[in-house]
Every structure is written in C-alpha cells, then in structure tokens.
Amino acid sequence: MRVTVIDYKAGNLTSVLKALRHLGAEAEVTDSDLALVENAERIVLPGVGHFQATERLDATGLTVAIRAAIGRGVPFLGICVGMQWLYAGSSEAPNQAGLAHFADGCTRFPQSGEKVPHVGWNSLEVRPGSRLLAGVEPGEFVYFTHSYKAPVTADTAAVADYIEPFAAAVERANVMGVQFHPEKSGETGLKILGNFLAWEGQGPA
C-alpha cells in the first residue's frame, strides 16, 4: 500500500513515517510534487504547531490537489493540525482558511483552572459505526498535544474531554482526521493507522 505523506514544513514526519512503514506501507513524502498527490492511493497530512503554517499548502498548490484527490475518493487522514485544517479555519489564525471540508471552525480551549495546551494521554469515547476506529474499545487512551480543538458534530467519530468535550476524531466517507497523535499512541494508535491503510470503498465524501 502506497501512502503519500504531505510535508508542509510543520509536521511530525519521522514518527509518522516510522509507524506507517512498520505497518507495511510504502510511504513517500512530498512538499510540492503535485503529481504524487494526483496519483496517490492514500494521503496523510501530519501537523504540529501554528495553524498559519498551513498557508504553505495554498502557496504550493497542494490544497487544490488534495481537494481534487478527495473528490476522486482517495482516503485522506489529517493528524493534529492536519485534522484542524479540514475545517473552515481556526481562531489561531483567523485570516488563514482551512480546506472547509467541514463547515465549522476550530477554537482555543476556554480559560479555566486547567493548563493549556492539553498534553498527555486521554481516553476516547468512540461513536458507533466508525471505520477508522474499528476495534478501539471504550476508554482506550491516545496521546494529545494541542491548544485548539474542533467542535463535536454529526461528523465526530470519537469524543475526548478536557475542560469540555471536543472532537478527538472526525470521519465522513473517505475523509478522516484525528486530533491526537496515533504514531505516539502505542498499540491503539497502530490499530487506527492500520484501519486507515485498510480503508476501501464508499467513494468521495
């Protein structure tokens, strides 16, 4: 299985590539080669840091190429900021648009007695019917590090709670995202990445 991993110069590529290759995937990296995206079998967008960094996806033409690939039914997985990019945008960078595959926007955790960013292990409440999270039992833990989060909506595949409930995973047909880092989440994370690699059918979202 060939996986195209997008490098927009703000992603945690090393750990993601190691996890994908451990699962038997042939992972290739691009920061600007649109042909790799146009011919991709799977696309993964890892991300860390500031939402503004996703501007590079627009500047290189990758946003247009990814949107077209999704429209052809290519399975797509966004990780951390890569998941947030699937939304209309984020209050972290109000002038930088996301892909807008999901209409809502991402916002910072509200002020409270808890520390922000949310860093560490937290449990998942998986919604029925998720293919990405198939086999993940209620209460399994995954690793988070983030200050901004997506709202819980009909497309939410899993919920986590820190200060308030938020979307830990999102899924609509061939478009999936996880706020946590599956590549740092042990066997549970490998199970989720394996589900993504095995994803077939349903056509474009």
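Residues numbered from 1 in each chain as written. Predicted model: local features only at pLDDT ≥ 70, side-chain atom pairs only at ≥ 80, totals over all residues. Heavy atoms only, no water.

A. Looking closely at the overall build of the protein chain. Per the secondary structure count, the protein chain includes 6 helices and 13 strands. Against the 2.2 N^0.38 benchmark of 17 Å for 205 residues, the protein chain shows a C-alpha radius of gyration of 15 Å, consistent with a compact globule. Summarising its shape, the C-alpha atoms of the protein chain cover approximately 50 × 40 × 30 Å along the three principal directions. Out of the 205 residues in the protein chain, the part that is buried amounts to 55%. Within the protein chain, counting contacts between residues at least 6 apart in sequence, those at least 24 apart form 71% of the total. (Helix = DSSP H or I, 4+ residues; strand = E, 2+ residues; numbered from the N terminus. Rg over C-alpha atoms; globule rule 2.2 N^0.38 Å. Buried < 20%, exposed > 50% of the residue type's maximum accessible area, 1.4 Å probe, protein only. Contact = heavy atoms within 4.5 Å.)

B. Fine view of the packing of aromatic side chains. Overall, the coordinates contain 7 aromatic pairs when judged by the stated rule. Between the aromatic rings of Phe 144 and Phe 166, the centroid separation amounts to 5.6 Å while the plane-to-plane angle is 85 degrees, which identifies the pairing as edge-to-face. Here Phe 166 lies in strand 12 (residues 164-172) and Phe 144 lies in strand 9 (residues 141-146), a separation of 22 residues in the sequence. Here Phe 144 matches Phe 166 in class, with each residue buried. The structure contains a cluster of three or more aromatic residues connected by ring pairs, namely Phe 109, Phe 144, Tyr 162, Phe 166 and Phe 180. (Phe/Tyr/Trp six-rings, centres within 6.5 Å; stacked < 30°, edge-to-face > 60°.)

C. Structural detail: unusual backbone geometry. Following Val 116, the chain continues to Pro 117 via a peptide bond in cis, the omega torsion being 15 degrees. The backbone phi angle of Ala 173 is positive, close to 50 degrees, even though this residue is not glycine.

D. Inspection of helix 1 (residues 13-22) at higher detail. When we look at burial in helix 1, the residues that qualify are Leu 13, Val 16, Leu 17, Ala 19 and Leu 20. Summarising the axial view, the buried residues of helix 1 lie within an arc of 165 degrees, below the 170-degree limit, and thus occupy one face. Along helix 1, the residues that are exposed and aim more than 90 degrees away from the buried face are Thr 14, Lys 18 and His 22. Where helix 1 is buried, its residues touch strand 1 (2-6), strand 2 (26-30), strand 3 (43-47), strand 4 (76-80) and helix 6 (186-197). Looking one or two residues beyond helix 1, the residue adopting positive phi is Gly 24, at roughly 95 degrees. (Arc of directions from axis to C-beta.)

E. Spatial organisation of the sheet that holds strand 10 (residues 148-149). Across the sheet, 3 strands lie side by side as 5-6-10; this open sheet has mixed pairing. Each edge of the open sheet is held by one strand with a lone partner, namely strand 5 (87-90) and strand 10. With 3 bridges connecting them, strand 5 and strand 6 (residues 102-108) associate as parallel partners. Within strand 6, the position partnered with Ser 90 by the bridge is Cys 106. (Pairing = 2+ DSSP bridges.)

F. A look at the packing of helix 1 against helix 6. Between helix 1 and helix 6, whose axes approach to 10 Å, the crossing angle comes to 70 degrees. With respect to each other, helix 1 and helix 6 are oriented roughly perpendicular. Both helix 1 and helix 6 take part in a crossing whose hand is right-handed. Of the residues in helix 6, those touching helix 1 at Ala 19, Leu 20 and His 22 are Leu 190, Leu 193 and Leu 197. Broken down by class, the residue content of the contact of helix 1 with helix 6 amounts to 5 nonpolar, 1 polar and no charged. (Axes fitted to C-alpha atoms, helices over the stretch in contact; angles between N-to-C directions. Parallel < 35°, antiparallel > 145°, perpendicular 65-115°, else oblique. Left-handed = near helix turned anticlockwise from the far one by under 90°. Nonpolar A, V, L, I, M, F, W, Y, C, P; charged D, E, K, R; others polar.)

G. Looking closely at the environment of Val 116. Of note, Val 116 is situated in the loop between strand 6 and strand 7 (118-123). Measuring from C-alpha to C-alpha, the distance between Val 116 and Thr 145 comes to 9.3 Å, with 29 residues separating the pair along the chain. Leave out the neighbours within four places in its chain, and Val 116 touches Arg 108, Phe 109, Ser 147 and Ile 163.

H. The arrangement of the sheet that holds strand 8 (residues 125-126) in detail. If you trace the 8 strands from one edge of the open sheet to the other, you get 2-1-3-4-13-12-11-8, paired in mixed fashion. If you trace the sheet from one side to the other, it starts and ends with strand 2 and strand 8, each paired once. With 5 bridges joining them, strand 3 and strand 4 adopt parallel strand pairing. Looking at the pairing, Pro 46 lines up with Ile 79 of strand 4. Sitting on the sheet, helix 1 touches strand 1, strand 2, strand 3 and strand 4, and the angle it makes with strand 1 is about 175 degrees. Those strands touched by helix 6 are strand 1, strand 3, strand 4 and strand 13 (175-178), and its axis lies near 155 degrees from that of strand 4.

Read these as layout, nothing more, since geometry by itself doesn't imply function.
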